[in-house]
Amino acid sequence: MESKNIRNIALLGHGNSGKTSLAESMLFVTGATDRLGKVSDGNTVCDYDAEEIKRQITISSSVAPISFAGGKVNVLDCPGYFDFVGEVLCALRAVEAGGILCSAKDGISVGAERSWKYLKEANLPTAFVVSKCDEEHGDYFAVVDALRAKYGSIVAPVTIPTADGKGVIDLVHNVCYTTNGAKSTKAAIPAADAGHAEDLRMELMETAAGATEELMEKFFDTMELEEAYMIAGIRAGMKDRSVVPVFASSAMQNIGTEALLQGVMDYVPAPTEMEGIDAAAPTQAFVFKTVSDQFGKYSFVKVMKGNITSDLSLRNVRASSTDKLGRLYSICGKKTTEVKDACCGDIVAIGKMDWKTGDTVCDPKNEDELPGIEMPEPCYAPENFEGEYVYQEEDQSFGALLRWDAPETQPLWYNLYRYVIVTKEDVVIEVPGEATSYFDASEPGQYKYQLTAVYEDCESDYALTSDGEDHVVIEVTGIEEHTTDEIVTIVNIYNANGQSLKAKDLNELNTGLYILQGLTQDGRMVSKKMVVNQ
């Protein structure tokens, strides 16, 4: 595969906006999978972790390499929940563009606005995908109008849904994609849509012409642009963020998926068109993701310069060590396929390397370190800890992990959030390799570690101790009662066991202890403890 035929794009947006379903549809229509998985069924390619299946949300970014039209599209399916923003920021270091999903029914969400902010800060080309156009009360054109009102005339529809909802119209190529199952066929634009489509196509020509002076002159000569010039204009405008294409999609029906993939190939810049990527330079790669699970440890790298082969030795600039590479893999979800090399701009996973997320690896004779990944400050982190710190390999947005005498290390943030912040009575501890155990926190025994954790404005003390059998007991003190005054929009509600109720209405709650997760007036995500007495 040549660098000019590679595209790297991240799918961003609010939780439940359809990112994973869109990636699943892309895999299905290109023949990478033989059935269309569903998030609700727990059988999608990208959400394969047990917690993702259980909670029906994306927790960790997944890579889905897709072959289309003689090229390769590396799709990164990113989490939509703000708790996992570190995964999003890491993914943006590996792509040349971001696609922000907005539901046709819900419109612009807080997650979409934040995704725009991240892409703007990273100066990455941006496109919008209006998802779930087939749902009742979904209105593609209302969402487009809202996007234009917020971001201006740079927002330009490129594909629109047909009036009968059975396909999409590609305004650039002037064709209609009609979808039946996994197959889409190209046909003339239906008569019912022809007038509206022509009006929008003329608007798109003018937007594309504004990308360069040369195209503007051509447009003024005839007051229209040929298809090739429209593609060139949108591509140039997308690269400098003066054009933001909008695509229509109904992923569960595979409607608009092929047209979107064609748009990615046509408009998203190739890696070598972006600054800092050079196929002719000595080898350099950036570690943007690390996965450690029961299948092994993989370091996902974006090849920034040169190419990578399995017989190379690369210099880890941070660790000042030269490492011979292990096997190279192309990973799709949890499926691994061994490969021999990776060209400039491509994404590849390397097994069994002692690298960390944010590392730069390069030709030993040409050390050149890339900037690290800037992470937001964690909401809470341990203090006065006398044990051993283990930095999180998979998500660096969490401060640190605590290593105890168990077969493997468990993420401290996960246990604290799910089992300690939520309840101060019986605490559930999941010890790797053993059955889930229940402990009574009222009899903690002798303290082994003492630490303080801060979660938003709730400061609590935790004490961890070993009972001598590789178990951990936690005592919680100092959790204060809080009101929900600051929360103006409820995002989710958790019960005392840490389970998401998928509810956003307080009237749905029975008597008990709950944690409300929501947004404040200034857009901050906070969590508040609440006791319901009915």
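Focus: the packing of helix α6 (residues 191-209) against helix α7 (residues 213-222)
Right, so step 1: Running from N to C, α6 and α7 cross one another at 140°; their axes reach a closest spacing of 8 Å. What the angle tells us is that α6 and α7 run oblique. On α7, the residues that touch Met 205, Glu 206, Ala 208 and Ala 209 of α6 are Leu 215, Met 216 and Phe 219.
Right, so step 2: Across the contact of α6 with α7, the residue classes tally to six nonpolar, no polar and one charged.

So, the packing of aromatic side chains
Right, so step 1: Summed over all chains, the structure comprises eight aromatic pairs.
Right, so step 2: Here the aromatic rings of Tyr 298 and Tyr 329 are separated by 5.5 Å at their centres, their planes lie at 90°, and the arrangement is edge-to-face. One end of the pair, Tyr 298, is in strand β13 (residues 296-305); the other, Tyr 329, is in strand β17 (residues 328-332), with 31 residues separating them in the sequence.
Right, so step 3: The buried category is assigned to Tyr 329, whose relative accessible area is 15%.
Right, so step 4: Feature note: the residues Trp 116, Phe 128 and Tyr 151 constitute an aromatic cluster, connected by ring pairs.
Right, so step 5: Over the ring of Trp 116 we find Arg 241; its NZ or CZ atom is 4.9 Å from the centre of that ring.

Concerning the sheet that holds strand β8 (residues 167-170)
Right, so step 1: One open sheet accounts for four strands, arranged β7-β8-β9-β10; its pairing is antiparallel. On the outer flanks of this sheet lie β7 (159-161) and β10 (183-187), each paired with one strand and no other. Averaged over all neighbouring strand pairs, the angle between strand axes comes to 25°, with direction disregarded.
Right, so step 2: Across four bridges, the pairing between β8 and strand β9 (residues 175-180) is antiparallel. In the strand pairing of β9, Asp 170 is matched with Val 175.
Right, so step 3: Those strands touched by helix α9 (residues 257-267) are β7, β8, β9 and β10, and its axis lies near 130° from that of β9.

What to know about the confidence of the model for the chain
Right, so step 1: When pLDDT is averaged across the chain, the result is 79; 73% of the residues are at 70 or more.
Right, so step 2: Long-range and interchain partners of residues 380-485, a stretch whose pLDDT sits below 50, account for 223 contacts in this model, where long-range means more than four residues apart.

Points about the environment of Leu 76
Right, so step 1: Tracing the sequence through the fold places Leu 76 in strand β3 (residues 71-77).
Right, so step 2: Excluding anything up to four places from it in sequence, Leu 76 contacts Ile 9, Ala 10, Leu 11, Ser 62, Val 63, Ala 91, Ala 94, Val 95, Phe 288 and Ile 347.

Some thoughts on the side chain of Asp 193
Right, so step 1: Examined against the element boundaries, Asp 193 turns out to sit in helix α6.
Right, so step 2: Lys 166 provides the closest opposite charge to the buried, unpaired Asp 193, separated from it by 11 Å.
Right, so step 3: For Asp 193, the residues in contact, after removing those within four places along its chain, are Thr 162, Ala 163 and Ile 169.

Comments concerning the pairing of β3
Right, so step 1: Burial analysis of β3 places seven of its seven residues in the buried class, the great majority of the element.
Right, so step 2: Of the two faces of β3, the one holding Gly 71, Val 73, Val 75 and Asp 77 and the one holding Lys 72, Asn 74 and Leu 76 are both buried throughout.
Right, so step 3: Judged from the six bridges that link them, strand β1 (residues 6-13) and β3 form a sheet pairing that is parallel. Along β3, the bridge assignment pairs Leu 11 with Asp 77.
Right, so step 4: Relative to β3, strand β2 (residues 62-68) runs antiparallel, the two sharing seven bridges.

Here we look at unusual backbone geometry
Negative phi characterises most residues that are not glycine, and trans characterises most peptide bonds.
Right, so step 1: Unlike most non-glycine residues, Asn 123 shows phi in positive territory, near 55°.
Right, so step 2: Mapped onto the elements, Asn 123 comes out in the loop between α4 (110-121) and β5 (126-131).
Right, so step 3: Note on Asn 123: relative accessible area 53%, which makes it exposed.
Right, so step 4: At Lys 352, a residue that is not glycine, the phi angle is positive and equals roughly 60°.
Right, so step 5: Within the secondary structure layout, Lys 352 lies in the loop between β20 (347-351) and β21 (360-362).

Regarding the sheet that holds β1
Right, so step 1: Spatially, seven strands are ordered β2-β3-β1-β4-β5-β11-β6 in an open sheet, and the strand pairing comes out mixed. The open sheet has two free edges, formed respectively by β2 and β6 (155-157), since each of these has just one partner strand. Neighbour-to-neighbour, the strand axes of the sheet open up by a mean angle of 30°, direction not taken into account.
Right, so step 2: Each of β4 (97-103), β5, β6 and β11 (244-248) touches helix α5 (residues 140-151); the most contacted strand, β6, lies at about 160° to it.

Focus: the nonpolar core
Right, so step 1: In this structure, Val 75, Leu 76, Leu 92 and Phe 128 are the most contacted members of the largest nonpolar core, which totals 100 residues.
Right, so step 2: Apart from the residues within four sequence positions on either side, Phe 128 is in contact with Ile 100, Cys 102, Trp 116, Leu 147, Tyr 151, Val 244, Pro 245, Val 246 and Phe 247.
Right, so step 3: Judged by nonpolar contacts, the second largest core, of 14 residues, contains Val 287, Val 303, Ile 308 and Ala 342.

Notes on the pairing of β9
Right, so step 1: The turn joining β8 and β9, which pair antiparallel and follow one another in sequence, is formed by four residues; a positive phi near 60° is taken by Asn 174.
Right, so step 2: Across five bridges, β9 lies against β10 in antiparallel orientation. From the neighbouring strand, Tyr 177 faces β10, where its bridge partner is Lys 186.
Right, so step 3: The antiparallel pairing of β9 with β10 creates a hairpin that spans two residues between the two strands, and Gly 181 there sits at a positive phi of about 70°.

Brief notes about α9
Right, so step 1: Counting buried positions along α9 yields ten of eleven residues, so the element is predominantly enclosed.
Right, so step 2: Of the positions making up α9, those classed as buried are Thr 257, Ala 259, Leu 260, Leu 261, Gln 262, Gly 263, Val 264, Met 265, Asp 266 and Tyr 267.

Structural notes on the pattern of salt bridges
Right, so step 1: Under the definition given, this model contains 14 salt bridges.
Right, so step 2: Close ionic contact of Lys 72 with Asp 346 constitutes a salt bridge, the shortest N to O distance being 3.1 Å. Of this pair, Lys 72 sits in strand β3 while Asp 346 sits in the loop between β19 (341-342) and β20, placing them 274 residues apart in sequence. Comparing Lys 72 with Asp 346 shows no difference in burial state: the two are buried.
Right, so step 3: Among the salt bridges present, the one from Arg 148 reaches Glu 203, with a minimum N-O distance of 3.5 Å. You can see Arg 148 sitting in helix α5 and its partner Glu 203 sitting in helix α6, a full 55 residues away along the chain.
Right, so step 4: A relative accessible area of 27% places Arg 148 in the partly exposed class.
Right, so step 5: On the basis of relative accessibility, which here comes to 38%, the residue Glu 203 falls in the partly exposed class.

Analysis parameters
- Residues numbered from 1 in each chain as written.
- Predicted model: local features only at pLDDT ≥ 70, side-chain atom pairs only at ≥ 80, totals over all residues.
- Heavy atoms only, no water.
- Axes fitted to C-alpha atoms, helices over the stretch in contact; angles between N-to-C directions.
- Helix = DSSP H or I, 4+ residues; strand = E, 2+ residues; numbered from the N terminus.
- Parallel < 35°, antiparallel > 145°, perpendicular 65-115°, else oblique.
- Contact = heavy atoms within 4.5 Å.
- Nonpolar A, V, L, I, M, F, W, Y, C, P; charged D, E, K, R; others polar.
- Phe/Tyr/Trp six-rings, centres within 6.5 Å; stacked < 30°, edge-to-face > 60°.
- Buried < 20%, exposed > 50% of the residue type's maximum accessible area, 1.4 Å probe, protein only.
- Lys NZ or Arg CZ within 6 Å of the ring centre and 35° of its normal.
- Pairing = 2+ DSSP bridges.
- pLDDT = per-residue confidence, 0-100.
- Lys, Arg positive; Asp, Glu negative; His and termini not counted.
- Salt bridge = Lys/Arg side-chain N within 4 Å of Asp/Glu carboxyl O.
- Core = buried A, V, L, I, M, F, W, Y, C linked by side-chain atoms within 4.5 Å.

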